[in-house]
Amino acid sequence: MGYTLNFSAVWRSFDQLLLGLALSLGLAFVAIAIGCVLGLITAFGLLSKRGMLRHPARIYVTIIRNTPILVLVLFTFFALPQLGIRLGKIESFVATLALYSGAYLAEVFRGGLLAVPNGLKEAGLAIGLTQSQIRNSIVMPLMLRNVLPSLSSTLISLFKDTSLAAAIAVPELTFEARKINVETFRVIETWIVASCLYVATCSVLAALLRQLERRMSIPR
């Protein structure tokens, strides 16, 4: 029990942790942006009456949601090149995270679409709106308001999941912390600082997203 805390070695490399943190945030935001598009397309597929759209959407959601994300990360980076599909480390991880988030958001969006009252759609038809106008002007805005809390939680979860990118040497926060740990042997200090950065960032994201939810909420 003679271990003495000494954060000086970690502070000297603190800029590396900040760069890793910035990359982690970038990975999460890009992945959820792509994931939202994939999830929305898949949600419409799940609700489609056409089997040729519904069945592939259901297969995609089932496979991705029931496969550990680390397995997906390793498969995309190490297995796809064997099939002639070669992606860089960052591109590979973003693609995996986007596919992963898209599968989860598909169910979120599906629930949000089903929660829009049919009476509003019928009212749109009654005033002469087309199906596309009803979808874009009534259904989509209401659906986004309904799913925003779940979307916020997904973004925070994706930010934490970026730590898995260290498995393929993407220089995000966890990878940089592990490198500092190896170089300095300050195990406790390194992971305390990295954990504090994760907690602080998640707390700030949560606060900002709560503000957005309040702004977009429907007054009662």
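What counts, and where the lines are drawn
- Residues numbered from 1 in each chain as written.
- Predicted model: local features only at pLDDT ≥ 70, side-chain atom pairs only at ≥ 80, totals over all residues.
- Heavy atoms only, no water.
- Helix = DSSP H or I, 4+ residues; strand = E, 2+ residues; numbered from the N terminus.
- Buried < 20%, exposed > 50% of the residue type's maximum accessible area, 1.4 Å probe, protein only.
- Polar contact = N/O pair within 3.5 Å; in protein donor to acceptor, adjacent residues only side chain to side chain.
- Axes fitted to C-alpha atoms, helices over the stretch in contact; angles between N-to-C directions.
- Parallel < 35°, antiparallel > 145°, perpendicular 65-115°, else oblique.
- Left-handed = near helix turned anticlockwise from the far one by under 90°.
- Contact = heavy atoms within 4.5 Å.
- Nonpolar A, V, L, I, M, F, W, Y, C, P; charged D, E, K, R; others polar.
- Expected span 1.5 Å × (residues − 1).
- UniProt positions renumbered as here; feature names shortened; annotations may be inferred.
- Arc of directions from axis to C-beta.
- Salt bridge = Lys/Arg side-chain N within 4 Å of Asp/Glu carboxyl O.
- Phe/Tyr/Trp six-rings, centres within 6.5 Å; stacked < 30°, edge-to-face > 60°.

What to know about the side chain of E107
Here E107 is to be found in helix α5 (residues 89-115). By relative accessible area, E107 is classed as buried at 18%. In terms of polar contacts, E107 uses its side chain to reach the side chain of R58, at 2.9 Å.

Here's the deal with the packing of helix α2 (residues 14-47) against helix α3 (residues 51-65)
The contact between α2 and α3 brings their axes to 7 Å, and the two run at 130°. As judged from the angle between their axes, α2 and α3 are oblique. Here α2 runs over α3; the crossing is left-handed. Where α2 abuts α3, its residues L38, T42, G45 and L46 lie against L53, R54, A57, R58, Y60 and V61. Broken down by class, the residue content of the contact of α2 with α3 amounts to six nonpolar, two polar and two charged.

Points about helix α9 (residues 187-216)
Counted at 1.5 Å a residue, the expected span for α9 with its 30 residues is 44 Å, and the 43 Å between its end C-alpha atoms agrees. Burial in α9 covers these residues: E189, T190, V193, A194, L197, Y198, T201, C202, L205, A206 and L209.

Some details on the UniProt feature "transmembrane region" (unreviewed entry) in the protein chain
In the numbering adopted here, UniProt assigns the feature "transmembrane region" (unreviewed entry) to residues 20-47, 59-80 and 191-209. Overall, residues 59-80 shows 82% helix and 0% strand. The separation of its end C-alpha atoms is 20 Å.

Notes on helix α4 (residues 69-79)
Listed as buried for α4 are I69, L72, V73 and T76. Across the axial projection of α4, the buried residues extend over an arc of 100°, all falling on one side.

Details of the packing of α5 against helix α7 (residues 131-161)
Following both chains from N to C, one finds α5 and α7 inclined at 150°, their axes separated by 9 Å at the closest point. Considering the relative orientation of α5 and α7, their crossing is right-handed. For the pair formed by α5 and α7, the contact residues are F93, L97, Y100, S101, L105, V108, F109, G112, L113 and A115 on the first element and V139, M143, N146, V147, S150, L151, T154, L158 and D161 on the second. Here the residues of the contact of α5 with α7 sort into 13 nonpolar, five polar and one charged.

Points about the pattern of salt bridges
Evaluated as defined, the whole model comprises four salt bridges. A salt bridge links R58 to E107; its shortest N-O distance comes to 2.9 Å. Residue R58 is located in helix α3, and its partner E107 is located in helix α5; the two are separated by 49 residues in the primary sequence. Its relative accessible area of 36% is what places R58 among the partly exposed residues.

What about the packing of aromatic side chains?
The full count for this structure, using the stated rule, is five aromatic pairs. Here the aromatic rings of F7 and W11 are separated by 5.9 Å at their centres, their planes lie at 25°, and the arrangement is stacked. Under the relative-accessibility criterion, F7 is labelled partly exposed at 23%. W11 gets classed as partly exposed once you look at its relative accessible area, which sits at 49%. Judged by centre distance (5.0 Å) and plane angle (50°), the rings of Y100 and Y104 are tilted. A residue pair is termed a helical-turn pair when its members lie 3 or 4 positions apart in one helix, as Y100 and Y104 do in helix α5 at four residues. With a relative accessible area of 16%, Y100 lands in the buried category.

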